[in-house]
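# Inside the fold
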Amino acid sequence: MRPTYFFIITICFLLLGNILYAQTWNSVKAEKLYQQGLAESKTKQQAKAIPLLEEAVMLNPKHIDAQVLLAKLYMNAKRYDQTIKTAQLVIKASPRYEDVYYYIIGACLSTNHNEDALKYTDLALTYFPQNKVFAVKKLNILDLLKSFQDGDSWAQSLLRQYPTDQGARQSVAGHYEAKADWYTRNNLSDMARKNYEKALELVPANKDLVDKLNGLVSKGGDTDAKIAKANEALNANSKSYQALYYKLGLLQEAGRYAEALDVLHTILRYYPNDKKANILNTSLRKEAASHYQNTQAYALYQSVLDQNPNDQEALQKVIGQATSMGDLNQALYRADRALQREPGNNQLLRQKMALEYQLHHYKAAADLAARLYNANSDKTFKSEVMQTINSCGNYYLQQQSADSALIYYKRALLLEPGNQTALQGRINGFMLKNDLNLALKELDGAIELYPANAAFKIKKAGILAQAGKIREAAKLSEQLFKQNPDDPELRSLYLDQRLAAANACILAEAYDEAEGYLREVLKEDTGNRDALNYLVNTLDLQKRYTEALTTVNLALTRYPDDRDFLQKKASVLYNARQYASAGKLAGALYGEFPFNVKYRQMAGDAWMAAGQDYRKRKLADSALFSVERAIAIKPADSVALLLKTNILIEQRRFGQALGTADEALRRYEYAEPFLLRKAIILDSLKRYSEAANYADTLNKRYNTVKNEDYAALLRGKTLYNSFGLSLLNSSFSSVDGASAPTAYNIAMLDYNRSDTGKISYGGAVTFLGRQQGTGVMAEGNLSYKYSKTLYWTASLGLSNNVILPKYRIAYSLLPTFGNGIETEFGARYFEVAGISVLSAVTGLGKEFGPFGVNTRLFGILQKSNAYFAFTALARYNLTEQDLLQANFGLGSSPDDINRLITFPRLRGILSRTVGASYRRTFSYRTSIGLAGNYTNQKITDNSFYNQYDLQLSLRVKF
């Protein structure tokens, strides 16, 4: 049974592994397809993008961004059912994805599933209650469903939430208009009128609403009564747009086309850019021509006029009917011919002026109007003259001919210095020329004439801001707002100018002033997004991070889960060096929107900065945790991988460091930093051959002095054999007549093998030449390493008993403690000249970076006599290849062979030794050393002599 269980478990494990691998591979492939689809969609290649995205979603159904983009493309392609299905999947997986609601609501409306559209609009508003688009969309859908009662309630809520927003007001007006239209179709005139009036209260300038209301009113009473009512309104206000159109409609219905065209001419004079009037100018004339086509009156009057050109009645009939039929050029031709006979006829001149105006010959009309007015100064004619001249100025403004426009506006002002249309036209003309100073000068004159005219002051505030006089513009808008605090337009201007001033101050680095403007905006509008955003930026730039965080938290209470403010908060935390907190917040955003590149970058950078900060503060574990979070977000981030490797090396966790370096090299093959780190790690693990190979690769690819030197160092560590040769010359001089020993020379050949194992060994042969003969000694040494903190050494020497000691035995045990102090406990024994000497030794050593010290104390026993000796050595590594040493000693050390030669004479004798040495290593293989010692020896109470040692050494590794 056990083999069966094992087989089943193995199969399950393999299947699970394949599934996980497939999932990983599918996710990677899906992301690539998504990026391709995104690129195609940006180039308007929707037909190519849709199959790519469909395949991406099939490979990875959790790829939200791909599904959202696919829903958008389906919507653009009018594949509404697929839009709805795809959007439903997104909403189920990620209900806070805002864009998808636009697509599903639009698709439902396009397929007449209005109830579903309302359902998804309500769902969108639960997640995004501050979204004005969704709020307006809900009102429109309620109107489509004829749910006018619910629409009334929602419209009032919309106005409370956006009291000054023009778009919201237009939407609510549209709701009342739709409701009124429904009442009109159902013959409920009173209810319809009330709703039209409600709509007009919100958008008083809406011409369609005015037409509908006038049409509703005109359904009762006879035509003459209605015309009389219209005339009453025009007597009160001759420019009343509504009254003029009302009268025009009545005359048109009555078939009184000549009068109707006369009213239309008046409308075009007052409102030359009115689209409806320009359309009627053609259609009404055609209608008039059709009306007159069954009569021969026009032809009869033409024939009368041809026979008698001075017949005024026929002339006026021809001009009037030609004008009614739209043949303005014929009417102008008749007027010009008549003026040739009567050049001073004011009636004909006025008719010519009107015809030139209707034919858009504004310059000719304006010149004629000015001449007529200057000739008789008819005050009743003044309004028409002013309208004609200003229309000419307007025409030139439309043609971008600012200089010509300014000339005609100036003419209008000469006739009527306070004419507001001309003043406004001159201001616009100077702005068209980009001469803001003259525009402001003109505005100042207009404001002086009309100090209560808010429109001129609003215009001035805008031009001041455009001219860069931000402070003056802000001050003026503040004055206007304080004078009319309930005016929504002035409130909007005040807030906009304050925000513009704050933005300008931020750009000029005047942060304190910018902060003042922004706090004034927030005092008036506590939830102003732009002001909150600018204020956070201002405080952040001033490094007032605590206040910036308080402000962004306030913004998040008003706009909870707002991605822009969450991102802003993460940025402030990062700048405040709260890197871990910034990383957590940015990471949360990235987790919710995993395909957002900006969030990914923010989260990775924050965790990287946290790792570097913790590393500086010597918090290695926290640094490693932070860097690993950064790598989890951006696995291929070379900087993060390098930082992790460095931290692990500093912690001496070389095994993990090696794994990280290998991962980095898989992603960035032969990258210099990672090749170097891997060589360092292998060196630390004493895997010298591998380290040397990587260092060699590093040097070949990135040949620098440093890399070449490091490669040589590691190559030297792979050489475990060494051969050495040293030559020592000792000479003596006497003091106070004492006899001095004879000088001698010592040569030594040695071989050592030291690898990475536990055992090291070697041997040496010493030759000493003197008058008494040549001494030869052979020595062998052995070292064994128990652990990293304990090892021992032993040596044994035998000679031919000439000059040199007959026997020489040494042993030392060297443990190292946790504080880095190395101790030594050992013994020495030798026999020279028939004298046996036993010594005990103890020592201490410590490394201080490139410095090192070592001391030894010897207790020497010879027969019944006891002596002591002391040595101290200090060394300093100038570089990896330069070593400088200094030594000092008291007494005769049994480790100094050059002292043992004369030991029988020196036992118990007090001596002092000082010396120094220098060693230079070439390419970490060959070293040459030079050492010198001076010893002062006391022979008797009154006798001294000096010893001088000079040693030259050579060592080669192979």
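Residues numbered from 1 in each chain as written. Predicted model: local features only at pLDDT ≥ 70, side-chain atom pairs only at ≥ 80, totals over all residues. Heavy atoms only, no water.

### Examining the nonpolar core
Of all hydrophobic cores here, the largest spans 130 residues; its most connected members are Tyr-101, Ile-104, Ile-105, Leu-158 and Val-172. Ranked by residues supplied to this core, first place goes to helix H33 (residues 597-616) with eight residues. Excluding anything up to four places from it in sequence, Ile-105 contacts Ala-117, Tyr-120, Thr-121, Phe-134, Lys-137 and Ile-141. If you look at the next biggest cluster of nonpolar residues, it comprises 38 residues, including Ile-319, Leu-339, Leu-355 and Tyr-409. (Core = buried A, V, L, I, M, F, W, Y, C linked by side-chain atoms within 4.5 Å. Buried < 20%, exposed > 50% of the residue type's maximum accessible area, 1.4 Å probe, protein only. Helix = DSSP H or I, 4+ residues; strand = E, 2+ residues; numbered from the N terminus. Contact = heavy atoms within 4.5 Å.)

### Describing the UniProt feature "repeat: TPR" (unreviewed entry) in the chain
Per the UniProt annotation, the sites labelled "repeat: TPR" (unreviewed entry) are residues 30-63 and 386-419. Secondary structure content for residues 386-419 is 79% helix and 0% strand, and the end C-alpha separation is 8 Å. (UniProt positions renumbered as here; feature names shortened; annotations may be inferred.)

### Remarks on the environment of Asp-152
Position of Asp-152 among the secondary structure elements: in helix H8 (residues 148-161). Sequence separation of Asp-152 and Val-172 is 20 residues, and the distance between their C-alpha atoms is 8.7 Å. Each residue touching Asp-152, except ones within four places of it in the same chain, is listed here: His-175, Tyr-176 and Lys-179.

### Considering helix H24 (residues 436-449)
Taking 1.5 Å of rise per residue, the 14 residues of H24 would be expected to cover 20 Å, and the 20 Å separating its terminal C-alpha atoms lies within 8% of that figure. Residues of H24 that are buried: Leu-436, Ala-439, Leu-440, Glu-442, Leu-443, Ala-446 and Ile-447. For H24, the buried positions fall inside an angular range of 160° around the axis, keeping them on one side. Facing away from the buried side of H24, by more than 90 degrees, are the exposed residues Asn-437, Lys-441 and Glu-448. (Expected span 1.5 Å × (residues − 1). Arc of directions from axis to C-beta.)

### A word on the layout of surface pockets
Its volume calculated, the second largest pocket comes out at about 1300 Å³. Lining the second largest pocket are 37 residues, and of these Gln-130, Tyr-162, Gly-527, Arg-529 and Tyr-559 lie nearest its centre. Of all the elements in the fold, those that place two or more residues in the lining of the second largest pocket are helix H6 (114-127), H8, helix H27 (488-507), helix H29 (529-541), helix H31 (563-575) and helix H32 (579-592). It is H27 that provides the largest number of residues to the lining of the second largest pocket, a total of five residues. By residue class, the composition of the lining of the second largest pocket is 12 nonpolar, nine polar and 16 charged. (1 Å grid on protein atoms, 1.4 Å probe; cavity = no way out; pocket = protein on both sides within 12 Å on 5 of 7 lines; lining within 4 Å. Points joined across faces, edges and corners; volume = space filled by probe spheres on them. Nonpolar A, V, L, I, M, F, W, Y, C, P; charged D, E, K, R; others polar.)

### Notes on a positive patch on the surface
Positive charge collects at one region of the surface, where Arg-652, Lys-686, Lys-785 and Lys-788 lie side by side. Within the fold, Lys-788 resides in the loop between strand S4 (773-787) and strand S5 (790-799). (Patch = residues over 30% accessible without salt bridge, like charges linked within 9 Å, V, L, I, M, F, W, Y side chains within 5 Å. Areas by Shrake-Rupley, 256 points an atom, 1.4 Å probe, with all protein chains shown as cover. Salt bridge = Lys/Arg side-chain N within 4 Å of Asp/Glu carboxyl O. Lys, Arg positive; Asp, Glu negative; His and termini not counted. Charge placed at Lys NZ, Arg CZ, Asp CG, Glu CD.)

### Here we look at the packing of helix H3 (residues 64-76) against helix H4 (residues 80-93)
Between H3 and H4, whose axes approach to 8 Å, the crossing angle comes to 155°. One finds that H3 runs roughly antiparallel with respect to H4. Both H3 and H4 take part in a crossing whose hand is left-handed. Residues Ile-64, Gln-67, Val-68, Leu-70, Ala-71, Tyr-74 and Met-75 of H3 touch H4, and the partners they reach there are Tyr-80, Gln-82, Thr-83, Thr-86, Ala-87, Leu-89, Val-90 and Ala-93. In the contact of H3 with H4, the residues fall into 11 nonpolar, four polar and no charged. (Axes fitted to C-alpha atoms, helices over the stretch in contact; angles between N-to-C directions. Parallel < 35°, antiparallel > 145°, perpendicular 65-115°, else oblique. Left-handed = near helix turned anticlockwise from the far one by under 90°.)

### Topic: unusual backbone geometry
One non-glycine residue with positive phi stands out, namely Lys-78, at about 60°. For Lys-78, the location among the structural elements is in the loop between H3 and H4. Positioned with a positive phi, Lys-686 is a non-glycine residue whose angle comes to about 65°. With respect to the secondary-structure elements, Lys-686 resides in the loop between helix H37 (672-684) and helix H38 (688-701). Judged by its relative accessible area of 46%, Lys-686 is partly exposed.

### Quick look at the packing of aromatic side chains
On inspection of all chains with the given rule, the structure shows 22 aromatic pairs. Connected via pairs of aromatic rings, a cluster forms that spans Tyr-101, Tyr-102, Phe-128 and Phe-134. Directly above the ring of Trp-154 sits Lys-138, whose terminal nitrogen or CZ lies 4.1 Å from the centroid. One residue, Arg-920, lies across the ring of Phe-922, its end atom 5.5 Å from the ring centre. (Phe/Tyr/Trp six-rings, centres within 6.5 Å; stacked < 30°, edge-to-face > 60°. Lys NZ or Arg CZ within 6 Å of the ring centre and 35° of its normal.)

### What about the pattern of salt bridges?
Between side chains of opposite charge, a pair can form when the charged atoms approach closely. For the coordinates displayed, the defined rule picks out 32 salt bridges. Ionic pairing is found between Arg-875 and Glu-847, a salt bridge with its closest N-O pair at 2.4 Å. Highlighted residues: Arg-875 in strand S10 (residues 865-879) and Glu-847 in strand S8 (residues 835-848), separated in sequence by 28 residues. In this structure, Arg-920 and Asp-882 form a salt bridge, with 2.5 Å as the shortest nitrogen-oxygen distance. With a gap of 38 residues between them, Arg-920 in strand S12 (residues 911-922) and Asp-882 in strand S11 (residues 882-890) connect regions that are remote in the sequence. For Arg-920, a relative accessible area of 29% puts it in the partly exposed group. For Asp-882, a relative accessible area of 9% translates into the label buried. When salt bridges that share partners are traced, they join Glu-779, Arg-808, Glu-824, Arg-828, Arg-856 and Asp-895 into one network.

### Thoughts on H4
Along its 14 residues, H4 runs 20 Å from first to last C-alpha, staying within 8% of the 20 Å computed at 1.5 Å per residue. The complete set of buried residues in H4 reads Tyr-80, Thr-83, Ile-84, Thr-86, Ala-87, Val-90 and Ile-91. Of the surrounding elements, those touching the buried residues of H4 are H3, helix H5 (98-110) and H6.

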